[in-house]
Amino acid sequence: MRLRDAARAQLIFSFRKILKPMIRILLRAGIPYQEFREVLKGAYVEAAVRDGIRGHQGPLTRAMISDYTEVPLADVNRFIDDPKLLAPPESTNAAVVSEVLFLWCTDPDYIGPYGLPLELDLEETPGKNLSTLIFRADPSANPKAVLRDMVEWEVVKPVGTRHYRATARTMVFTDVLTPQALEYFGSAITDLANTILHNIRSDVGHKRLQRSVIEDELPDYVMPEFEALLKEKVQKLLNDVDDWISSNKVHWTEPGKLVTTGLTAFHHIAEDYDFTPLSSYIERRKGDTPAAWTSIPKDKPRVGETPTPE
């Protein structure tokens, strides 16, 4: 099914707007169009293989994927057969650091006088040290590596020779071209897109929180005051949510499926990233070897079309 001209125009324009800030980052990082084109090819192939072809019943072939996406068959085979091409990079410690800061600033056992987080050593104090917090956030983490990153990112400050003080409650990135900031960028944009799609598809009673207050006629000299208001109110809201989670965790004792969720001016529920190799979905068949001449003859039916009788 093809979109009507008006909807198609809005779709293309929307994606152009979405891509522009991302392309600015790519250009700043020195990644040219040819390299980004490979990213697009892989995304098209992965989406078609994992989600299927709309309206198609029965097993898929690689030739069908190529015909449907218009990605050359040789590229379809390449992305399916070589899992390294679509493999994710190694995760950073950003998520662990965020969780450690959350625990450090909300757990009553780690709060000292005046409600300030205690100064902690790495592992000398039994049962109440940074290593304990780090292992609570991620049992597989390397405490020394996490501490090194926290100090480098200036969310933790050394005090004396052995102790450390939390200088921030949340992670704030100052340079987008760091692995941690780019990892966060990808997750946040994905969560926002998934939340919007969920709300478009869902009935009124099942939509997630997604709210905006828009005023497009504020004088430019009001912007500093407006931004200060947003930072104050939103930070208070996020701190209230943090405190609510911390104080209620002790009551959530029944076993159940764990859901990754949060509030970033919109409520999101993260979708699990599928790491299953594409080759497990579609095996190579006889017709999946590209011929020397790969143009589509005019009389060749496309996916979902019926051949014209002679």
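> Quick rundown of the packing of helix H3 (residues 62-69) against helix H4 (residues 73-81)? Include the residues and the values.
It is at 9 Å that the axes of H3 and H4 come closest, and there the two elements cross at 120°. One element, H3, and the other, H4, form an angle in the oblique class. Between H3 and H4 the crossing geometry is right-handed. Packed against H3, whose contacting residues are Arg62, Ala63, Ile65 and Ser66, the element H4 presents Leu73, Val76, Asn77, Ile80 and Asp81 at the interface.

> Outline the pairing of strand S2 (residues 156-159), listing residues and values.
Relative to strand S3 (residues 163-166), S2 is paired through four bridges, and the arrangement is antiparallel. Across the sheet, residue lysine 157 finds its bridge partner in S3, namely arginine 165. Taking the residues between adjacent antiparallel strands as the criterion, S2 and S3 are bridged by three residues, where glycine 160 takes a positive phi near 75°.

> Account for the environment of glutamate 119, with residues named and values stated.
With respect to the helices and strands, the residue glutamate 119 is situated in the loop between helix H5 (94-106) and strand S1 (120-121). The sequence separation of glutamate 119 and tryptophan 104 amounts to 15 residues, and the corresponding C-alpha distance is 9.6 Å. The residues touching glutamate 119, leaving out its near neighbours within four places in the chain, are Val159, His163, Tyr164 and Arg165.

Procedures and definitions
Starting from 1, residues in each chain are numbered consecutively following that chain's sequence as written. Under the rules for a predicted model, residues below a pLDDT of 70 receive no local features and side-chain atom pairs below 80 are neither given nor counted, while totals for whole chains, interfaces and linings still include all residues. To get the side-chain values, all heavy atoms of the structure are used, and hydrogens and water are removed first. Helix axes are fitted to C-alpha atoms over the stretch in contact, other axes to C-alpha atoms as well, and angles between N-to-C directions run from 0 to 180 degrees. Only DSSP runs of H or I reaching four residues or more are called helices, and only runs of E reaching two or more are called strands; each is numbered from the N terminus. With respect to orientation, any angle under 35 degrees is reported as roughly parallel, any angle over 145 as roughly antiparallel, any angle of 65 to 115 as roughly perpendicular, and every other angle as oblique. Two helices crossing with the near one rotated counterclockwise from the far one by less than a right angle form a left-handed crossing, whereas a clockwise rotation gives a right-handed crossing. Pairs of residues are marked as contacts when any of their non-hydrogen atoms sit within 4.5 Å. At least two DSSP bridges between two strands are needed for those strands to be called paired.

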